[in-house]
Amino acid sequence: MPTAAALTAALALVLSGCGAAATEPGQDAAPRANASPGAEGGRDGVLRAAVRRLAAQGDAPGAAVLIRREGGGTRYLASGVADVRSGRRIHRNDHFRAGSLTKTVIAAVTLRLAAQGRLGLGDTVDEHLPGLVRGQGNDGRTITIRQLLNQTSGLFDYTADPVLARQLSAAADRTRTPASLVRTAVAHRPDFAPGAGWRYSNTNYVLLGMVVQRVTGHSYATEARRDVITPLRLHGTSFPGTRTTLPDPHGRAYTRDGGAGDGGARRDVTDLNPSSAGAAGELISTLGDLTRLLPGLLRGKVVPRAELRQMRNTSASDGRYGMGLFPVRLACGVTLWGHNGEINGSYALAVTAPDGRHSLAYRLNSTAGSGLTAETSLLEAEFCPRR
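This is a predicted model, so every value here is computed, not measured.

(A) Looking closely at the side chain of N150. Topologically, N150 is positioned in the loop between α4 (145-149) and α5 (162-170). Separated by 2.6 Å, the side chains of N150 and T152 make a polar contact. Setting aside residues no more than four positions away along its own chain, N150 makes contact with W198, A316, Y321, G322 and M323.

Encoded structure:
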């Protein structure tokens, strides 16, 4: 997959269409009846080794993975600790920040509104947010909702603004409004003309959150709870807004001063005001919920089939990104669908088979970044056919 785009050192929000996997990019459930005990035991060994390597490569105190198969139950594997001071282990139902997996939910909400005729994918940003996107060659009259969804708007990613990065580093608990984040973005020239290229930008999804509110009269969080979270019974998933704490139960979240692997001091960054991520990455969830979110989505339980095809249409990005989903192509020829996300102190990936019957989510309690080779090993061990 393409390399993920990081937020700032302060917020460290990786919201890319893409972690690293394959050619581009507790308690265990009982073995499946059609698998030999030796083969299943060998595969579990590979999975456990991959989880340990994920923690090591991500410079994380702990890592955990949950695998769900229709008719085959679930398998939970973890390594390391959730809290370096107490030694508490990572629990299967722990809450954590899921970063850019927020985009999957926001895309689903937007496409539901399109299916209901309340907005059109060809609508311009200016039709819903008049005058907001202006200056430095940016023009909301030429950018469509479709281009926000599939990351072809050309808008600068506000998370790459160095002034904002310094401000976030100095005051991570400060509340930021979506409009202020957009103003930061449009103070920069666009990366390309709308529709003329593809580049991941968190600005696109902040704008989508604003469009949802303008169209419905409710916040994107309210719409998401009603249309996605409640129907799929994602009881551990929430939009915290400006709340700085995680719901119980939860472990801790960590980052390194200066970045992973540089020998800097490890800091606890569990408490965080995620308003600087907003509709691009504020979501809190659990492994169990993430393994239900994608299957429910791909089975048409949230988004109608026609709009679901739009979510998986990657033609505008040369196969890299659809709308809130990206393909994960494994070396064995299997293609999964999902998203990843990173926010200060937390990294997560959730993927599922196209039919939604086999899903996996894993997390690290660190600011890890994508591109971990152990991620590829984990996915191939679980999803590639075995002889």
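(B) Structural view of the pairing of strand β2 (residues 73-80). Across eight bridges, the pairing between strand β1 (residues 62-69) and β2 is antiparallel. If you follow R69 over to β2, its bridge partner there is G73.

(C) The arrangement of the state of the cysteines in detail. In total, this model carries one disulfide according to the counting rule given. C332 shares a disulfide with C384; S-S distance 2.1 Å. Judged by the sign of its S-S torsion, about -80 degrees, the cystine formed by C332 and C384 is left-handed. Residue C332 is found in the loop between β9 (326-329) and β10 (335-343), and its partner C384 is found in the segment after α11 (373-383); the two are separated by 52 residues along the sequence. Since its relative accessible area comes to 11%, C384 is described here as buried.

(D) Up close: the packing of helix α2 (residues 101-115) against helix α7 (residues 202-216). Contact pair α2 / α7: the axes reach a minimum separation of 10 Å and the direction vectors enclose 40 degrees. If you check the angle between α2 and α7, you find them oblique. For the pair α2 and α7, the crossing hand works out as left-handed. Only N202, Y205, L208, V212, V215 and T216 of α7 make contact with α2, whose side of the interface consists of K103, I106, A107, V109, T110 and L113.

(E) Seen up close, the nonpolar core. L149, L207, M311, L360, Y362, L364 and L378 are the most contacted members of the largest nonpolar core, which has 99 residues in total. Among the elements that take part in this core, α2 stands out by supplying nine residues, more than any other. In contact with L149, other than residues within four places in its own chain, are A107, T110, L111, L121, Y205, L208, Y321, G322, M323 and G324.

(F) Looking closely at helix α6 (residues 178-186). What α6 keeps buried is the set S180, L181, V182, T184, A185 and V186. As for α6, its buried residues are in contact with β4 (134-135), β5 (138-139), α5 and α7.

About the cut-offs
Residues numbered from 1 in each chain as written. Predicted model: local features only at pLDDT ≥ 70, side-chain atom pairs only at ≥ 80, totals over all residues. Heavy atoms only, no water. Helix = DSSP H or I, 4+ residues; strand = E, 2+ residues; numbered from the N terminus. Polar contact = N/O pair within 3.5 Å; in protein donor to acceptor, adjacent residues only side chain to side chain. Contact = heavy atoms within 4.5 Å. Pairing = 2+ DSSP bridges. Disulfide = S-S within 2.5 Å. Buried < 20%, exposed > 50% of the residue type's maximum accessible area, 1.4 Å probe, protein only. Axes fitted to C-alpha atoms, helices over the stretch in contact; angles between N-to-C directions. Parallel < 35°, antiparallel > 145°, perpendicular 65-115°, else oblique. Left-handed = near helix turned anticlockwise from the far one by under 90°. Core = buried A, V, L, I, M, F, W, Y, C linked by side-chain atoms within 4.5 Å.

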